[in-house]
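Here's the letter readout for the chains.
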Amino acid sequence: MSKSRPILWLLIIAAVASAGYYGWQKFGTSEAGKTQTAQKGPPRPSAVPVSVAPVQKTDFPVYLTGLGTVQGFNTVQVRSRVDGQIDKLEFREGQIVKQGDLLVSIDPRPYQAALDQAKAKKAQDEASLANANLELQRATKLGEFATAQRVDTQRSTVAQLTAQIAADDAAISNAQTQLDYTQIKAPITGVAGLRQVDIGNIVNASSQTAIVTISQVEPIAVIFTAPEDQLPYISEGQKAGALKVIAFTTDGKRTLAEGKLAVINNQVDATSGTIRLKAVFDNKERTLWPGQSVSTRLLVRTLKDATVVPDDAVQRSTNGLYAYTVNQDNKAELHKIKVSYGIDGHSVIEEGLSPGQQVIVGGQFKVQPGSLVSTAVASSDPTQNKVRQQ
């Protein structure tokens, strides 16, 4: 028993030491960590990455957008003015024909015969007139040996034959015109469409079917509409000169041609509340074609020194439009704004922002008023901007 007691005490001392070391490791280290954490303070919030762009003061063009239809500047349905059989077609479908070019030849023989007959009739009447003049001269030379009745009768015969020759001249002119109509020529310069009649067919002057349609495409016209409430601005702009009109493809991605506003219709359509407008384009490249649908932009006026921001800066909520700006402390500030116009990825701000401020154009979904932000300048490449028409 005396030998085992020291061993027991050694075991007890070892157990107490182990427990003390364990307690020191658990509680002492934890308290030290808490002390260090308390000294460092609460963790700082991380900055929200955003893209910014400056609020600019610049001239802003105001366009009216709409849809239009291209029409030939002049369109002619070519028909025959005489009856007959088609001998030749002198044009190709889709060909550019010039005014005066021969298009169709109709069998001329009946009309040539009528012209020859009219000329022969005139020659016959001229011979009769010459004989009547001789008879009148003889009667006049006889003097008192010729009765007055004979002289008067002969003068009347000469007058009748003179009138008959005038009628013969008119008949010859009419026959020549009918013969000329057998050669159908282009009345305008333009593009020939699909032919409706082939060689060998009989055409009639009374037929409503055109042989071919010709449309003038240089220049060419576009008919489009604008809201009636914009009519005062359009009329005012017209006083300073012809307003510019730009034609785009219907998706608005490609510019087709630039022209000028030519005509404002003489009345407003009360049903739709719109006014019809006509623009004229030179169309030298022939990018516009009759019947084509296009998107149009009419430059009504230009706002001087307008406050302009990218469209991506404009946000919407149930309380209206707003935008975030970044202050000197790199914190986000919310501004309620009022937008008047927007096109090509930019909007005009009437109220709420000032030139020189930095507006957030990307990353707003993580931003709250007062949020700390880290900024990056948005690309200035216009192709990177979102295009919106308003």
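Position numbers for residues start from 1 in each chain and track the written sequence from start to end. Per-residue local features of the predicted model are confined to residues with pLDDT of at least 70, and side-chain atom pairs are confined, for both listing and counting, to 80 or more; whole-chain, interface and lining totals are unaffected and use all residues. Only heavy atoms go into the side-chain values, all of them from the structure, while hydrogens and water stay out.

Can you help me understand the sheet that holds strand β8 (residues 190-192) in this one?
Sheet strands line up and pair through hydrogen bonds in the backbone, either parallel or antiparallel. Strands sit in the order β3-β10-β8-β5 across an open sheet of four strands; the sheet is antiparallel. Where the open sheet ends on each side, the last strands, each with one partner, are β3 (75-78) and β5 (96-97). For two strands to pair, DSSP has to find at least two bridges joining them. In this text, helices come from DSSP runs of H or I with a minimum length of four residues, and strands from runs of E with a minimum of two, each type numbered from the N-terminal end. With four bridges connecting them, β3 and strand β10 (residues 212-215) associate as antiparallel partners. Bridging across to β10, Gln77 finds its partner in Thr213.

Just to check I follow, could you spell out the nonpolar core for this structure?
In globular proteins that are soluble, nonpolar side chains generally tend to be buried together. The definition of a nonpolar core used throughout is a set of buried Ala, Val, Leu, Ile, Met, Phe, Trp, Tyr and Cys residues joined through side-chain atoms within 4.5 Å. Here's how the labels work: a residue is buried when its accessible area is under 20% of the maximum for its type, exposed when over 50%, partly exposed in between, all with a 1.4 Å probe on protein chains only. Grouped together as the largest cluster of nonpolar side chains are 24 residues, with contacts concentrated most on Phe91, Val97, Leu103, Val104 and Ile214. Where this core is concerned, the elements lending two or more residues are β4 (84-89), β6 (102-106), α2 (109-142), α3 (148-180) and β10. By definition in these notes, contact holds between two residues if any of their heavy atoms fall within 4.5 Å. Those residues in contact with Val97 that sit more than four places away from it in its chain are Phe91, Leu103, Ala186, Ile188, Thr189, Gly190, Ala192 and Ile214. With 23 residues, the next largest nonpolar core counts Val222, Leu288, Val294 and Leu298 among its residues.

Can you walk me through the environment of Ala130 in this structure?
As for its placement among the helices and strands, Ala130 is situated in helix α2. Note on Ala130: relative accessible area 40%, which makes it partly exposed. Through-space distance from the C-alpha of Ala130 to that of Val158 is 8.4 Å; in sequence the pair is 28 residues apart.

How should the pairing of strand β21 (residues 358-362) be read in this particular structure?
Side-chain direction in a regular strand flips from residue to residue, so the side chains alternate between the two faces of the sheet. Burial of β21 is extensive: four of the five residues sit out of reach of the surface. When strand β1 (residues 48-54) meets β21, the two strands line up antiparallel, connected through four bridges. In the strand pairing of β21, Ser51 is matched with Gly362.

Even after reading the chapter, I still don't get the sheet that holds β4, so can you show me in this structure?
Spatial ordering of the open sheet is given by β7-β6-β4-β9, a layout of four strands whose pairing is antiparallel. Of all the strands in the sheet, the pair left with one neighbour each is β7 (183-185) and β9 (202-203). As judged from the two bridges shared by β4 and β9, these two strands associate in the antiparallel manner. Residue pairing for β9: Gln85 is matched across the bridge by Ile202.

Got a minute to help me understand the confidence of the model for the chain in this structure?
The predicted coordinates of low-pLDDT regions are not to be read in fine detail. What pLDDT expresses is the predictor's confidence in each residue, scored from 0 to 100. This prediction gives the chain a mean pLDDT of 85; 83% of its residues lie at or above 70. The model gives residues 380-390 a pLDDT under 50, and that stretch makes 22 contacts with residues more than four places away or in other chains.

In this structure, what is going on with the side chain of Ser347? I would like to understand it.
When you line up the elements, Ser347 lands in strand β20 (residues 346-351). Owing to a relative accessible area of 0%, Ser347 belongs among the buried residues under this scheme. A polar contact of 2.3 Å, which involves the side chain of Ser347, links it to the side chain of Asp311. Here a polar contact is taken to be a pair of N or O atoms separated by no more than 3.5 Å, where protein atoms must pair a possible hydrogen donor with a possible acceptor and residues adjacent in sequence count only if both atoms sit in side chains.

Teacher, can you tell me more about empty space enclosed by the protein here?
To find leftover empty space, one rolls a probe the size of a water molecule over the atoms. Grid points spaced at 1 Å over the protein atoms alone were grouped into cavities, where a 1.4 Å probe fits but cannot get out, and pockets, open sets with protein on both sides within 12 Å along at least five of seven lines, with lining residues defined by an atom within 4 Å of a point. Grid points are joined across faces, edges and corners, and a volume is the space filled by probe spheres set on the points. Taken as a whole and judged by the stated rule, the model has one cavity of 30 Å³ or more. Reported here for the largest cavity is a volume of approximately 30 Å³. Along its surface, the largest cavity is lined by Leu64, Thr65, Gly66, Phe224, Thr225, Ala226 and Thr296. Looking at the lining of the largest cavity, the elements that each hand over two or more residues are β2 (56-72) and β11 (220-227). For this classification, the nonpolar set comprises Ala, Val, Leu, Ile, Met, Phe, Trp, Tyr, Cys and Pro, the charged set comprises Asp, Glu, Lys and Arg, and every other residue, Gly included, is treated as polar. Residues that form the lining of the largest cavity fall into these classes: three nonpolar, four polar and no charged.

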